[in-house]
Amino acid sequence: MGSHYSNVLGGLFILIIMSPGPTTATSRPEPMMNESSIGSDRATSERSLLANELALKPQMGWSTWNHFHCDINETLVRETADAMVSMGLASVGYQYINIDDCWAEQNRDEQGNLVPRASSFPSGIITLADYVHQKGLKLGIYSDAGTETCSDTMPGSLGFEEQDAKIFASWGIDYLKYDNCNNDNEDVKDRYYKMKQALLNSGREIFFSMCEWGQEDVATWGQSAGNSWRTSGDIDDNWESMTSHADQNDQWASYAYPGGWNDPDILEVGNGGMTQAEYRSHFSIWALAKAPLLIGCDIRYMDNSTFKILSNKEVIDVNQDGLGHQGRKIKQDGDLEVWAGPLSGNKVAVVLWNRGATEATITAYWSDLGLNATTLVTARDLWDHSRVRLPSKGQISASVPTHDCKMYVLSPMPPSTQRDRSAAKRSNV
């Protein structure tokens, strides 16, 4: 490994040790914002979004778009909700069933309301929401901060923000993905703040997922506008797209914290365009980066390998850790990378990621991770579900296959245990 280090993780780890308890969203420094374009209600709205507690941890669920695109209907949504529960995915944290583009008729009704497409959703959205809620899950829907959605088959919400937010609330919607097509070149911040305020006025707590493709450095103002924000364009089901999205998202790591999250897009795990090793890397990096874990495959028919990746509770626990610090790339030597981030309880999550074409050994040193070189730790392999023996002091090392990764949680031993072990070693000399 080379010497391309970052001091950021070390600083974060020191913060955990020095602070009296877990950092909360309200105690974090606020991202920089351009107040002149925000409006007088912005600070109050930001507090309201944090207070709704919908995004204290990254959202988890499923979305229609990556696998089905516009080929959607209420039967698919119902069957997916059934599978989410019966397969045990709901029990490990997945809760949102999100309908993406193409759910509505091309025209609004005489009162200007959006209308569910009769051929696809004949029972209506209220009935579908009731079904999903009875499963203990939540229903998400899609709209666009423009005149039409990206499929050009249904109206957008530009100019109808208050009306649409109220009808979503009346239907029992829990989540809104808000896209960015056909926007008449109107100011992106103004368009998203209008819908944010409309949701706050709707009378229902609705998670606000901003899909504005990372425009205007959205991470620097997203926390005051929504609960998550896309940091890139749409992901594709291939290695190049996935790694590119990981890197684009990584540059904004310091702006994510409980209440709002960087979003590198929906998971492609299980859609068939990548190997199992690549999907394992995909899921590991998304989890470490506190990205939304939104499944994008057909969970009704996924194979066991896909299920094992998506249901790995130990990896999910890293994503859902209460501290809420986004992990990041801290060391790179060509295609060999170390990604890491602090967790609650003074623990550290580490991913050794081989983006090269051949198997290679990757090492993370304690100095990379903000740990003292003499600190004793226990290491847990999150994919092998086993404790790792550390033959060398102050480092963790592994041979990693091409396009694969190793993922660990390091737990520093209590100071008393470390003193006892040092004393025992001296007595044996």
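Residues numbered from 1 in each chain as written. Predicted model: local features only at pLDDT ≥ 70, side-chain atom pairs only at ≥ 80, totals over all residues. Heavy atoms only, no water.

As annotated in an unreviewed UniProt entry, the protein chain carries the name Alpha-galactosidase and is attributed to Cuscuta australis. In its Catalytic activity (unreviewed entry) section, the UniProt entry covering the protein chain states "Hydrolysis of terminal, non-reducing alpha-D-galactose residues in alpha-D-galactosides, including galactose oligosaccharides, galactomannans and galactolipids." Comment text from UniProt for the protein chain, heading Sequence similarities (unreviewed entry), reads "Belongs to the glycosyl hydrolase 27 family." (UniProt positions renumbered as here; feature names shortened; annotations may be inferred.)

Topic: the nonpolar core
Tyr94, Trp103, Phe168 and Phe283 are the most contacted members of the largest nonpolar core, which has 86 residues in total. Residue contributions to this core reach at least three from each of two domains, namely domain 1 (60-320) and domain 2 (328-414). Setting aside residues no more than four positions away along its own chain, Trp103 makes contact with Ile72, Leu114, Val115, Pro116, Arg117, Phe121, Ile125, Ile141, Tyr142, Met154, Phe168 and Trp171. Membership of the second largest hydrophobic core comes to 20 residues, among which are Val338, Leu369, Val377 and Val400. (Core = buried A, V, L, I, M, F, W, Y, C linked by side-chain atoms within 4.5 Å. Buried < 20%, exposed > 50% of the residue type's maximum accessible area, 1.4 Å probe, protein only. Domains from an automatic or database assignment. Contact = heavy atoms within 4.5 Å.)

Observations regarding the side chain of Arg117
By the element assignment, Arg117 lies in the loop between strand E3 (96-98) and helix H5 (125-134). Among buried Asp, Glu, Lys and Arg side chains, Arg117 stands out as unpaired, with Glu105 the closest opposite charge at 4.8 Å. Here the side chain of Arg117 touches Cys102 through a polar contact of 3.4 Å, landing on its backbone oxygen. In terms of polar contacts, Arg117 uses its side chain to reach the side chain of Thr153, at 3.4 Å. If near-sequence neighbours (up to four positions away) are discounted, Arg117 is found in contact with Cys102, Trp103, Ala104, Glu105, Pro122 and Thr153. (Helix = DSSP H or I, 4+ residues; strand = E, 2+ residues; numbered from the N terminus. Lys, Arg positive; Asp, Glu negative; His and termini not counted. Salt bridge = Lys/Arg side-chain N within 4 Å of Asp/Glu carboxyl O. Polar contact = N/O pair within 3.5 Å; in protein donor to acceptor, adjacent residues only side chain to side chain.)

Remarks on the pattern of salt bridges
Scanning the entire structure with this criterion turns up 18 salt bridges. Note that Asp100 and Lys177 form a salt bridge whose closest N and O atoms lie 2.8 Å from each other. Taken as a pair, Asp100 in the loop between E3 and H5 and Lys177 in strand E5 (residues 175-179) lie far apart in primary sequence, 77 residues in all. For Lys177, a relative accessible area of 13% gives the class buried. Salt-bridge contacts for Arg300 lead to Asp298; the nearest nitrogen and oxygen are separated by 2.9 Å. A network of salt bridges, in which partner residues are shared, links Asp247, Lys329, Glu337 and Arg355.

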